[in-house]
Amino acid sequence: MAVQTPSVQPATLPAPPARRRSGGRLRLTAVRFARNRLALFGLCMLLVLFVLAYGSPLFYKWSYTDLDFTAFQKPPSGAHWFGTDQTGTDLFAMTMRGLQKSLVIGILTGIICTFFAAAVGASAGYFGSWTDRSLMWVVDLLLVMPSFLIIAVLSPLFQGTTWLVFVLLLALFSWMITGRVIRSMTLTLKDREFVKAAKYMGVPAPVIIFRHILPSMASMLIIDGTIQVGAAIIGESSLSYFGFGVQAPDVSLGTLIATGTPAAPAFPWLFYFPAGCLVLICLSIAFIGDGLRDALDPNSAGAKARAPRTLKSTSKEGRTS
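Remember, it's a predicted structure, so these values are computed and weren't measured experimentally. (Residues numbered from 1 in each chain as written. Predicted model: local features only at pLDDT ≥ 70, side-chain atom pairs only at ≥ 80, totals over all residues. Heavy atoms only, no water.)

### Considerations on the overall build of the protein chain
Piece 1. Within the protein chain one finds 13 helices and 0 strands.
Piece 2. In sequence order, the protein chain lays out its α and β elements as α-α-α-α-α-α-α-α-α-α-α-α-α.
Piece 3. For the protein chain, the residues scored as buried account for 40% of the 321 residues in total.
Piece 4. Partitioning the intrachain contacts of the protein chain with sequence separation of at least 6 by distance along the chain shows that 69% fall at a separation of at least 24.
Piece 5. Total accessible area computed for the protein chain in this model is approximately 19,000 Å², and 67% of it derives from carbon and sulfur atoms. (Helix = DSSP H or I, 4+ residues; strand = E, 2+ residues; numbered from the N terminus. Buried < 20%, exposed > 50% of the residue type's maximum accessible area, 1.4 Å probe, protein only. Contact = heavy atoms within 4.5 Å. Areas by Shrake-Rupley, 256 points an atom, 1.4 Å probe, with all protein chains shown as cover.)

### What about the pattern of salt bridges?
Piece 1. Applying the stated criterion to the full structure yields 6 salt bridges.
Piece 2. Between Arg293 and Asp290 there is a salt bridge, with its nearest N and O atoms 3.8 Å apart. A residue pair is termed a helical-turn pair when its members lie 3 or 4 positions apart in one helix, as Arg293 and Asp290 do in helix α12 (residues 269-296) at 3 residues.
Piece 3. Arg293 sits in the partly exposed class, given a relative accessible area of 41%.
Piece 4. For Arg293, the salt bridge identified is with Asp294, shortest N-O distance 3.5 Å.
Piece 5. Relative accessible area serves as the criterion here: at 10%, Asp294 is assigned to the buried category.
Piece 6. One network of salt bridges, in which partners are shared, links Arg97, Lys101 and Asp250. (Salt bridge = Lys/Arg side-chain N within 4 Å of Asp/Glu carboxyl O.)

### Description of the packing of helix α10 (residues 218-241) against helix α11 (residues 253-260)
Piece 1. Look at α10 against α11: their axes get within 7 Å of each other, and the N-to-C directions meet at 45°. What the angle tells us is that α10 and α11 run oblique. Along this stretch, α10 crosses α11, giving a crossing that reads as right-handed. Together, Ser237, Ser240 and Tyr241 of α10 and Leu253, Gly254, Thr255, Ile257 and Ala258 of α11 make up the contact between the two elements.
Piece 2. Looking at the contact of α10 with α11 residue by residue, the class counts come to 4 nonpolar, 4 polar and no charged. (Axes fitted to C-alpha atoms, helices over the stretch in contact; angles between N-to-C directions. Parallel < 35°, antiparallel > 145°, perpendicular 65-115°, else oblique. Left-handed = near helix turned anticlockwise from the far one by under 90°. Nonpolar A, V, L, I, M, F, W, Y, C, P; charged D, E, K, R; others polar.)

### Some points on the confidence of the model for the protein chain
Piece 1. A residue-level look at the protein chain finds 84% of positions with pLDDT of 70 or above and a mean pLDDT of 81.
Piece 2. Low pLDDT, under 50, characterises residues 5-20; the predicted model gives this stretch 1 contact beyond four residues in sequence or across chains.
Piece 3. Low pLDDT (under 50) marks residues 305-318, which in the prediction has 2 contacts with non-local residues, meaning those over four places away or in another chain. (pLDDT = per-residue confidence, 0-100.)

### Overview of a nonpolar patch on the surface
Piece 1. On the surface, a nonpolar cluster with roughly 670 Å² of combined accessible area is contributed by Trp137, Val138, Leu141, Leu143, Val144, Ile177 and Val181.
Piece 2. When residues of the nonpolar patch are traced back to their parent elements, those giving at least two are α4 (129-144) and α7 (176-189).
Piece 3. With 5 residues, α4 is the single largest residue contributor to the nonpolar patch.
Piece 4. Mapping Ile177 onto the fold places it in helix α7. (Patch = residues over 30% accessible without salt bridge, like charges linked within 9 Å, V, L, I, M, F, W, Y side chains within 5 Å.)

### Here's the deal with α7
An α-helical turn contains 3.6 residues, so a residue and the one three or four places further along point in the same direction.
Piece 1. Relative to the 20 Å expected for 14 residues at 1.5 Å per residue, α7 spans 20 Å between its end C-alpha atoms, a close match to the ideal helical length.
Piece 2. By the burial criterion, the buried members of α7 are Met176, Thr178, Gly179, Ile182, Arg183, Thr186 and Leu189. Projection of α7 onto a plane perpendicular to its axis shows the buried side chains occupying an angular sector of 145°, all on one side. Structural note: α7 exposes Ile177 and Thr188 on the side pointing more than 90 degrees away from its buried face.
Piece 3. Among the structural elements, α3 (91-127), α4, α6 (164-172), α8 (193-200), α9 (205-213) and α10 are those in contact with the buried residues of α7. (Expected span 1.5 Å × (residues − 1). Arc of directions from axis to C-beta.)

Dropping the structure here:
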C-alpha cells in the first residue's frame, strides 16, 4: 500500500520593504534635523524670506519700479515700510526684488555647480587613465585662475543678455574643489562589490556612475549643494556691489548695498535693510548646512540622541553614593 506524503510548498519570502526602509531613513534624518534648533531656525528664516520675496509683490502697493515724488529719502513709515531712496523708490519693494534675484541665482548656481562637480569628479575617478589626467588638468587650471577677476572682465561682454549667463559664469568657477573630493571618493567606491557586480553584468559606465556611485555619496552632495548656494549668493552680491553682476534696471542685494553705502551715515535705512537681508540669508543657509551634516552623518555629535535628564541625574547620584 503506497503512502502518500503531503506536498510541501516552498515558503515564499516577502520582498524587502524598500519603500519602508527609505521612508524610515528619511524619518530618522528628519528627526535628527529637527533636534538641531539652529537648523530649524535657519529653515524657518529662509522660508520667511522666500514668502516675503515672492508673496509681498502680490499685496504690497509699491513696485520696485514705481516712484513716489512726494517722498524722497524718507525714513521707514506706514506708507513705505523700509523708507525710500533719493529717487523716491520704495526700498522694501527693491529689497524684495533683490531677494528674489539673489535667491534664484544662488539656488541655480548651487544646483549646476554640484551636478557638474559630481559628473566630472565621478567620471575622472571611475575611468582613470587619460580621462582622469585630462579632467584633473582642467581642474588644476581653473583653480589657479582668479575667478573674480575673470568674471569681472567677462561680465561687460554679456550686458543686455539674460542673467542666466551670469549664473553659468558663477557655476563655472565654483565646482573644482568639490570635484576633487568626489574623485577621491569614487576611487574608493569603484572597488566595492556592488560596483564590480554591475560592471560584470554589462551595465554601461554612465549608468554605474549615476545609479550606483553617486547615490552612495548623496549626503555629501546635499551638504555641498547647500554650501554652494550660500557661496553663490555672496559671490553674486560681491560682483553686483562692484558693478559686474546684475545690471540696471534690475536690482539685487549687492547693487542695493552699493547704492546705500555712501548714504549710510545720514540715511542708514538705505544700507542696513539690504545688508541685513543678505546676512539673514547667509546665516540661514549656514545653519541649514550644519543641520544637514549632523542629520546625514550618524557619527557626528549633533546627530546622537541625548540621554534623558532623569537618567543623567540617577547616574550621577549612583556615582556619588
